[in-house]
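A look at the structure
Now for the letters of each chain:
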Amino acid sequence: MRLVVGVSGGSGMPYAESILRALRDLGVESHLVVSSGAKRVMTAEGSGPQLADLTALASFVHDDRDLAAGVASGSFRTDGMLVVPCSAGTLAKIAQGFADNLVARAAHVTLKERRRLVLVLREDPLPRPMLLNMLAAHDAGATVMTASAGFYHAPGSVDELLHFVTARVLDQFGLDVPGFRRWREGEA
Ligand SMILES: Cc1cc2nc3c(=O)[nH]c(=O)nc-3n(C[C@H](O)[C@H](O)[C@H](O)COP(=O)(O)O)c2cc1C
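The structure displayed is predicted, hence computed values, not measured ones. (Residues numbered from 1 in each chain as written. Predicted model: local features only at pLDDT ≥ 70, side-chain atom pairs only at ≥ 80, totals over all residues. Heavy atoms only, no water.)

It is worth spelling out the pattern of salt bridges at this point. All told, the structure shown has eleven salt bridges when counted by the stated rule. Note that Arg21 and Glu17 form a salt bridge whose closest N and O atoms lie 3.9 Å from each other. Of the two residues, Arg21 and Glu17 both sit in helix 1 (residues 13–25), four residues apart, roughly one turn of that helix. One network of salt bridges, with partners in common, ties together Arg168, Asp171, Asp176 and Arg182. (Salt bridge = Lys/Arg side-chain N within 4 Å of Asp/Glu carboxyl O. Helix = DSSP H or I, 4+ residues; strand = E, 2+ residues; numbered from the N terminus.)

What follows is about the UniProt feature "binding site: FMN" (unreviewed entry) in the chain. In the numbering used here, UniProt assigns the feature "binding site: FMN" (unreviewed entry) to Gly9, Gly10, Ser11, Ser35, Ser87, Ala88, Gly89, Thr90 and Arg122. By the element assignment, Ser35 lies in the loop between strand 2 (29–34) and helix 2 (36–45). Beyond its immediate chain neighbours, meaning those up to four positions away, Ser35 contacts Val7, Ser8, Gly9, Asp64, Asn101 and Val103. Secondary-structure assignment places Ser87 in the loop between strand 4 (81–86) and helix 4 (88–96). Once residues lying within four places of it in the same chain are set aside, the contact partners of Ser87 are Ser8, Gly9 and Gly10. (UniProt positions renumbered as here; feature names shortened; annotations may be inferred. Contact = heavy atoms within 4.5 Å.)

By the element assignment, Val103 lies in helix 5 (residues 102–112). By relative accessible area, Val103 is classed as buried at 0%. For the pair Val103 and Lys93, spaced ten residues apart in sequence, the C-alpha separation works out to 9.6 Å. Here Val103 is in contact with Gly6, Val7, Val33, Ser35, Asp64, Met81, Val83 and Thr90, once residues within four sequence places are set aside. (Buried < 20%, exposed > 50% of the residue type's maximum accessible area, 1.4 Å probe, protein only.)

Spatial strand order, 3-2-1-4-5-6: six strands in an open sheet with parallel pairing. Every interior strand has two partners, whereas the edge strands, strand 3 (60–63) and strand 6 (143–146), have only one. Averaged over neighbouring strand pairs, the angle between their axes works out to 20° when direction is ignored. Pairing analysis gives six bridges linking strand 1 (residues 2–7) to strand 2, with the strands arranged parallel. Within strand 2, the residue paired with Val4 across the bridge is His31. On top of the sheet, helix 1 reaches strand 1, strand 2 and strand 4; it is set at about 150° to strand 4, its chief contact. Contacts from helix 4 reach strand 4 and strand 5 (117–121) within the one sheet, and its direction differs from that of strand 4 by about 145°. (Pairing = 2+ DSSP bridges. Axes fitted to C-alpha atoms, helices over the stretch in contact; angles between N-to-C directions.)

Quick look at the UniProt feature "binding site: dimethylallyl phosphate" (unreviewed entry) in the chain now. UniProt feature "binding site: dimethylallyl phosphate" (unreviewed entry): in the numbering of this structure it lies at Tyr152 and Arg168. A compact arrangement is adopted by the annotated residues: their sequence extent is 17 residues, whereas the largest C-alpha distance between any two is 13.3 Å. Along the chain, Tyr152 falls in the loop between strand 6 and helix 7 (158–171). On the accessibility criterion, Tyr152 (37% relative accessible area) is partly exposed. For Tyr152, the residues in contact, after removing those within four places along its chain, are Phe164, Phe180, Arg181 and Trp183. In this structure, Arg168 sits in helix 7.

Here we come to the side chain of Ser8. Its place among the elements puts Ser8 in the loop between strand 1 and helix 1. At a separation of 2.8 Å, a polar atom in the side chain of Ser8 contacts the main-chain carbonyl oxygen of Pro85. At 2.8 Å, the side chain of Ser8 and the backbone nitrogen of Ser87 are in polar contact. Not counting residues within four places of it along the chain, the set of residues in contact with Ser8 comprises Met13, Ser35, Ala38, Val83, Pro85, Cys86, Ser87 and Thr90. (Polar contact = N/O pair within 3.5 Å; in protein donor to acceptor, adjacent residues only side chain to side chain.)

Turning next to the packing of aromatic side chains. Summed over the entire model, instances satisfying the criterion amount to three aromatic pairs. Geometrically, the ring pair formed by Tyr152 and Trp183 is edge-to-face, given 5.5 Å between the ring centres and 70° between the ring planes. One end of the pair, Tyr152, is in the loop between strand 6 and helix 7; the other, Trp183, is in the segment after helix 7, with 31 residues separating them in the sequence. Both rings, one in Phe164 and one in Phe180, keep their centres 5.7 Å apart while their planes meet at 75°; by these two values the pair is edge-to-face. You can see Phe164 sitting in helix 7 and its partner Phe180 sitting in the segment after helix 7, a full 16 residues away along the chain. An aromatic cluster is built from Tyr152, Phe164, Phe180 and Trp183, whose rings are joined through pairwise contacts. (Phe/Tyr/Trp six-rings, centres within 6.5 Å; stacked < 30°, edge-to-face > 60°.)

Below, the structure written as structure tokens:
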């Protein structure tokens, strides 16, 4: 399996790190694209994962300015793309088909090829333009998610919250993250 992983400038780089690690452990080929906004957030937030932490986990890394990268073309086969975290700005670009960087272009290509596109948003509260863009992205074929963990598995740590979001995101691609407890699974 081959997935594109876009990282844009929302707060929540630990989600990107956790998902990239899970993809690596599952043997999925990942093509990482990090926006310039994401690089600013990593530096500003400081204590979280930095660019080198993410690139170390990816199979391939593409420059966000490189609109000639393989993932910019529909002829480059992938099994889909996820954007995590997906900023309000990147959501707007994807929803409106404005592809001025590689994250937005690869997402546009994923939609046009009718492959699975999962957007993991991180913003609160949600203003009307963002809500409309969420609906537009949904209607265009994307799966819109928020980086919000459930509590039915009684998490005891931040890692367990990250694990929950990671498992639910990768569920969208039919991938099973080891150790994920599904609601009432195994009950008669
Ligand atoms: C420290 C920091 C945290 C941010 N957190 C968020 C966030 O959680 N969600 C969001 O949509 N934008 C957030 N932003 C704003 C985006 O990074 C900004 O709009 C940026 O231009 C997005 O560019 P990109 O979508 O190309 O990555 C944050 C910015 C900074 C500096």
